[in-house]
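# Chains, contacts and geometry: an overview
Given next are the chains, with one letter for each unit.
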Amino acid sequence: MATMIQAIRLALHVGESRHGVTDIFGEDVGPPLGGVFTGTQGLKTAWNTPLDERGIVGMAIGLALAGQKPVAEIQFCDYAFNTIDLLKVAGNTYWSSGGDWNVPMVLMTPVGAGIRGSIYHSHSFDATATRVPGWKIVMPSTPLDAYGLMLSAIADPNPVMFLMPKALLRLKSKPGEEIPGEPGDDRKLSQMIDAPLGDRSQWRPDWPAVEDYFIPIGQAKVVREGSQVTVLTYGRNVQMSVAAAEELAADGIDVEIIDLRSLHPYDWDAIKASVQKTNRVLCVNEDTEITNFGEHLIRRITEELFYELHAPPKLLAGGHLPGIGLADALEMASVPQKDTIRAAIAELASHEP
Amino acid sequence: MPVTSPIEIQYSIAIGTARAQRKGTGAKGITIVQGGDAGTAEGDFATSLIWSSRKGNELPLLLIVTNNRYGISTPYAGQHGYDHISDRGKAFNMPTAVIDGNDPEAAYAALETALHYVRTERKPYLLEAMVSRLRGHSSASGANPVKEEIDCIERFERRLEERNLMTRSQMDALKEKYTAELGEAAKRIRTEPQPDPRSVYDFVFADKNYVAGEQ
Ligand SMILES: Cc1ncc(C[n+]2csc(CCOP(=O)(O)OP(=O)(O)O)c2C)c(N)n1
């Protein structure tokens, strides 16, 4: 079973061998390291850039405009904020050139809390990313979804942002969610594709014959069916929400959980169908709560499904804080946790109009 | 200034503190800004070179680059086309120097010269200190000591011993004292009670502390 980071690496390998990826680059992305999270080990088109995020994004836009297929990495999304004008350009070029110039690039970056990374290794980027029109934005919560979304991102003719929930990168997939063609044995997969410690100059990966597998951008996944409350979430909060729902099931509260997977475009049909069924909705994500993507979902739900709601829609998000606290207690108080999700669901479930 | 994590933003901020220090006749204050070699690729480094060297508007700024020839896993040659970071200062007409940063005496002397220049001329100076990388970066080579690198402390200790300025046992005693002090601090931090979760909302604003949306 591949971990999420191995799944991303496998998708990038498939991308560069079969889907035209020409350049995979970023800080410490090339050999010998292959990425601070190991996501780009052994890839033949991976190379190291200078320590310059604006250069990385500009390089990707330029390569894409010149007919190449770049996948660029920002080492932590916390360091992407000085690239926003370039991100805007990537998102507006097709539009402003009247359809003459599209920018087929992928920008991947680790996001979110959960590793006690404190102020600058814990930022979320979904609220910022969804404020930049012209981008498609995806965020997986399982290795297989990471694989399928990365391949779709690569195949897409637009700029696609691939947000990697860093707390889940080392998570293994569940049985039945294997990447088609991956060896069943973890140890074997690791021996094949993980770079050894120490001298790597002679090492070459032995790629398994993984198959193409595309998860369409814009398609959510119902990860748990339920009838009383809908939870709309993505990334790291999916598993937490599932765990909270399992606990609530014992109290007779039946929760439906939707992993959006794509934030833009997002799967309105799936959201609408679920809210029409449960009449109660909670949005959960880690970004700061003011001007949060969940607020947009709630606005649309309120506008379009108002008379179907039995309780005010609720947002559980990160505190409106300048950073994520470092001490355990402070990090946990900064962003949603299983217990706060459970409490929010329980409150919604018991709300009577 | 408080230390922060986005690499090189200190160079952009330093021009502001240096500008403040430029004000007033006979002003003596200067700004010292420091960063690594790889980080100088960020635009902020160029910002500080440009802003600090404007004719008639020079800033009292000492720029120090500690060059250990690596940024995480990326070697110097993979990032820079010039031999020395300090060469970049030459284009801005500022004095520059490259020193052995592993040698405390050389570093002291070079700093004295550079500080004197910035204090009296009220203009920028770019100092590049070549230093060891005694341990790898946590997310690359691990944090184990790198044997091939010169250990600046060991080397200095030998020098002190040769010149009979300190004995081995004096130095060992010093080391033990500080090792114990740090060990104590590490222990204390691990056993300290967790902070109150609500305190994460402290210090958001300088006047009145409040949680989002509260009045
Ligand atoms: C803007 C930004 N991008 C990326 C990082 C992640 N990062 C942390 S240390 C480092 C390398 C720094 O190398 P260098 O400037 O040479 O300093 P050294 O650590 O070698 O002293 C990187 C890329 C960061 N902290 N800030």
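Model, not experiment: these values are computed from the prediction.

### Some points on the domain arrangement of chain A
All names here are of chain A.
- One can read the domain layout of chain A as domain 1 (4-193) and domain 2 (221-350).
- A straight line from the C-alpha centre of domain 1 to that of domain 2 covers 25 Å.
- Contacts between domain 1 and domain 2 engage 30 residues on the former and 27 residues on the latter.
- Overall, the association of domain 1 and domain 2 removes approximately 2200 Å² of surface from exposure, summing both partners, and the carbon and sulfur fraction of that is 54%.
- Interface area lost by domain 1 to domain 2 is led by Arg116, Asp126 and Met139, which between them contribute 25%.

### Notes on the packing of helix H8 (residues 268-278) of chain A against helix H9 (residues 293-305) of chain A
Residues and elements named next belong to chain A.
- With their axes 11 Å apart at the nearest point, H8 and H9 run at an angle of 60 degrees to one another. Taken together, the axes of H8 and H9 lie oblique to each other. In terms of crossing hand, the pair formed by H8 and H9 is right-handed. Touching Trp268, Ile271, Lys272, Val275 and Gln276 of H8 are Leu297, Arg300, Ile301, Glu304 and Leu305, all from H9.
- Considered class by class, the residues forming the contact of H8 with H9 number six nonpolar, one polar and three charged.

### Here we look at the site of the ligand
- Every one of the 18 residues lining the ligand counts as a neighbour, but Glu53(A), Asp37(B), Ala38(B), Gly39(B) and Tyr70(B) are closest to it.
- Two or more chains meet at the ligand, and those chains are chains A and B.
- Taking Ser5(B), its main chain carries an N or O atom lying 3.0 Å from a nitrogen atom of the ligand.
- Note that an oxygen atom of the ligand is positioned 2.8 Å from one of the backbone N or O atoms of Tyr70(B).
- When isolated, the ligand has an accessible area of 590 Å², and the protein chains bury 83% of it.

### With respect to the sheet that holds strand S5 (residues 96-100) of chain B
Residues and elements named next belong to chain B.
- Reading across the sheet, the four strands line up as S1-S2-S6-S5 and stay open at both edges, with parallel pairing between neighbours. In this open sheet, the two edge strands, each paired with only one partner strand, are strand S1 (31-36) and S5. Between one strand and the next, the sheet's axes are offset by a mean angle of 20 degrees, whatever the strand orientation.
- Two elements, S5 and strand S6 (residues 125-130), share five bridges in a ladder whose sense is parallel. Its bridge partner lying in S6, Thr96 is registered against Leu126.
- Its contacts with the sheet put helix H2 (residues 43-52) on strand S2 (61-67) and S6, and the angle it makes with S2 is roughly 150 degrees.

Calculation criteria
Residues numbered from 1 in each chain as written. Chains lettered and ligands numbered in written order. Predicted model: local features only at pLDDT ≥ 70, side-chain atom pairs only at ≥ 80, totals over all residues. Heavy atoms only, no water. Domains from an automatic or database assignment. Contact = heavy atoms within 4.5 Å. Buried area = accessible area lost by both parts, 1.4 Å probe. Axes fitted to C-alpha atoms, helices over the stretch in contact; angles between N-to-C directions. Helix = DSSP H or I, 4+ residues; strand = E, 2+ residues; numbered from the N terminus. Parallel < 35°, antiparallel > 145°, perpendicular 65-115°, else oblique. Left-handed = near helix turned anticlockwise from the far one by under 90°. Nonpolar A, V, L, I, M, F, W, Y, C, P; charged D, E, K, R; others polar. Near = heavy atom within 4 Å. Polar contact = N/O pair within 3.5 Å; in protein donor to acceptor, adjacent residues only side chain to side chain. Areas by Shrake-Rupley, 256 points an atom, 1.4 Å probe, with all protein chains shown as cover. Pairing = 2+ DSSP bridges.

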